[in-house]
Amino acid sequence: MTDERLVVIGTGIRLVGQLTVESTAWIKCADRIFHIADDPLIVAVLSSINPSAELSTLTHLYGENKPRAETYEAMVQTIMESVRKPGLTVCTFYGHPGVMAYPGHESIRRSRLEGFKAMMLPAVSAEDCLFADLGLDHAMTGYQTYEATDFLWNDRRLDSSSHLVLWQIGAVGDLTFHEGEYNLAALPLLVEKLLRWYPPSHEVIVYEAAVMIDCEAHIRKVPLNELRADVVSARSTLSVPPAAAVKVDHSMYERYKVLSHGR
Ligand SMILES: C[S@@+](CC[C@H](N)C(=O)[O-])C[C@H]1O[C@@H](n2cnc3c(N)ncnc32)[C@H](O)[C@@H]1O
């Protein structure tokens, strides 16, 4: 047993195979482990790494039609009750625990405010899988990314010469939780907004990383104006390739040439 401490880790997108050595080492030392896994395989992996830890789920805090923000606050409170007890609390989320995931960040913030040690470890997110499966490299295209509802409801601007990734398109506009599919009434609005920067025929990719090892990712290419609810799931991430060539910033380039000449 260690001092009261919180370690927030991610199990990666695959059910097995993407847990880092560092995260595994913390799981081994944990007194209490929280998870939001809805698959028994991940629970079995956690308990095989540390059979003596108290293993608890946070998934019961979700409720049909319940605002996700309420669930996240309940998760943070549950985690904090554990952090205040002696020993090490390890909290596991799927993917990267800090990517599009509020409870881990907030639990760390509150733990530190109360004087406890707390840290987050990096992990494999859906975006990391997307880079690998779609062969993307920011160095070539540049990269922008938004949460889909944030992009829709706020005055976000795009540069259509760089690659765009939108998260949570399968829940766009719906801030509540659903066991199955989400209310996608806002999806046509999202398409309408994207049409400000991209032509209707621009090919976009609805991407779902494989959660089982040695399985193929679901990569569905559709013209932007045909992006509809029937091709999107709660797991989908939207990848939008550049639609325009990048423009050179001539004034900066010329100034750089003058400066580098003088060296
Ligand atoms: C609440 S966020 C969690 C992200 C997660 N923390 C991560 O690191 O990838 C849920 C969103 O992640 C993306 N996502 C989750 N699983 C995915 C998968 N298997 N393939 C592609 N995107 C996925 C989708 O955009 C989904 O709406």
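See above for the structure.
My aim in this report is to walk through the structure given alongside it, one point at a time. None of these values were measured; they are calculated from a predicted model.

1. Side note on the overall build of the protein
For the protein, the helix and strand inventory stands at 9 helices and 10 strands. Across the 263 residues that make up the protein, the buried fraction comes to 45%. Considering only residue pairs separated by 6 or more positions, the protein has 66% of its internal contacts joining residues 24 or more positions apart. If you sum the accessible surface of the protein, you get close to 14,000 Å²; carbon and sulfur atoms cover 55% of it. Once the 24 positive and 33 negative side-chain charges of the protein are each reduced to a mean point, those two points are 7 Å apart.

2. Focus on the environment of H138
For H138, the location among the structural elements is in helix α6 (residues 138–141). Taking the C-alpha atoms as reference, H138 lies 7.7 Å from H163; in sequence the two are 25 residues apart. With residues up to four places along the chain from it excluded, the contact list for H138 reads F131 and Y143.

3. Comments concerning helix α9 (residues 250–261)
With 12 residues, α9 should reach 16 Å at 1.5 Å per residue; the first-to-last C-alpha distance of 16 Å fits that figure. The element α9 is largely exposed, with a buried count of 0 among its 12 residues.

4. Observations concerning the nonpolar core
Core analysis: the largest hydrophobic core is formed by 25 residues, its most contacted members being L164, L166, L190, L194, L227, V232 and L238. Put simply, the parts of the chain that give this core at least two residues each are α7 (148–153), β7 (163–167), α8 (187–194), β8 (203–208) and β10 (237–240). Top element by residues in this core is α8. It accounts for 4 residues. When neighbours within four sequence positions are excluded, L190 is seen to be in contact with A148, F151, L152, L166 and I169. With 15 residues, the next largest nonpolar core counts V8, L58, V83 and F116 among its residues.

5. Some points on the site of the ligand
Around the ligand, the surrounding shell holds 17 residues, and the nearest of these are H96, V99, A126, A209 and T237. The backbone of H96 places a nitrogen or oxygen atom 2.7 Å from an oxygen atom of the ligand. Within the contact set of the ligand, a nitrogen atom lies 2.7 Å away from a backbone nitrogen or oxygen of A209. Taking 570 Å² as the accessible area of the ligand by itself, protein coverage stands at 93%. Counted by class, the shell around the ligand contains 9 nonpolar, 6 polar and 2 charged residues. Counting residues domain by domain, the shell around the ligand receives three or more from each of domain 1 (5–120) and domain 2 (126–240).

6. Observations concerning the side chain of D174
You can see D174 is positioned in the loop between β7 and α8. We note that D174 is buried and unpaired, the nearest opposite charge coming from R68 at a distance of 4.9 Å. Polar contacts involving the side chain of D174 include one to the side chain of T176, which spans 2.6 Å. When sequence neighbours within four positions are dropped, the list of residues in contact with D174 reads R68, Y182 and N183.

7. Brief notes about the pairing of β10
In β10, alternate side chains face the same way, and those of T237 and S239 on one face and L238 and V240 on the other are all buried. Sheet topology places β7 next to β10; 3 bridges connect them, and they run antiparallel. Along β10, the bridge assignment pairs V165 with S239.

8. With respect to the environment of K28
Relative to the assigned elements, K28 resides in helix α1 (residues 21–29). For the pair K28 and S111, spaced 83 residues apart in sequence, the C-alpha to C-alpha distance is 21 Å. What K28 contacts, discounting residues up to four positions off in sequence, is I49 and N50.

9. Quick word on the sheet that holds strand β5 (residues 117–120)
An order of β3-β2-β4-β1-β5 is seen for the 5 strands of this open sheet, with the pairing classed as parallel. Across the chains shown, the open sheet's two edge strands, defined by having one partner strand only, are β3 (54–57) and β5. Averaged over all neighbouring strand pairs, the angle between strand axes comes to 15 degrees, with direction disregarded. In this structure, strand β1 (residues 5–10) lies alongside β5, joined through 4 bridges in parallel fashion. Residue V8 lies in a different strand from β5, and its bridge partner there is M120.

Cut-offs applied
Residues numbered from 1 in each chain as written. Predicted model: local features only at pLDDT ≥ 70, side-chain atom pairs only at ≥ 80, totals over all residues. Heavy atoms only, no water. Helix = DSSP H or I, 4+ residues; strand = E, 2+ residues; numbered from the N terminus. Buried < 20%, exposed > 50% of the residue type's maximum accessible area, 1.4 Å probe, protein only. Contact = heavy atoms within 4.5 Å. Areas by Shrake-Rupley, 256 points an atom, 1.4 Å probe, with all protein chains shown as cover. Lys, Arg positive; Asp, Glu negative; His and termini not counted. Charge placed at Lys NZ, Arg CZ, Asp CG, Glu CD. Expected span 1.5 Å × (residues − 1). Core = buried A, V, L, I, M, F, W, Y, C linked by side-chain atoms within 4.5 Å. Near = heavy atom within 4 Å. Polar contact = N/O pair within 3.5 Å; in protein donor to acceptor, adjacent residues only side chain to side chain. Nonpolar A, V, L, I, M, F, W, Y, C, P; charged D, E, K, R; others polar. Domains from an automatic or database assignment. Salt bridge = Lys/Arg side-chain N within 4 Å of Asp/Glu carboxyl O. Pairing = 2+ DSSP bridges. Axes fitted to C-alpha atoms, helices over the stretch in contact; angles between N-to-C directions.

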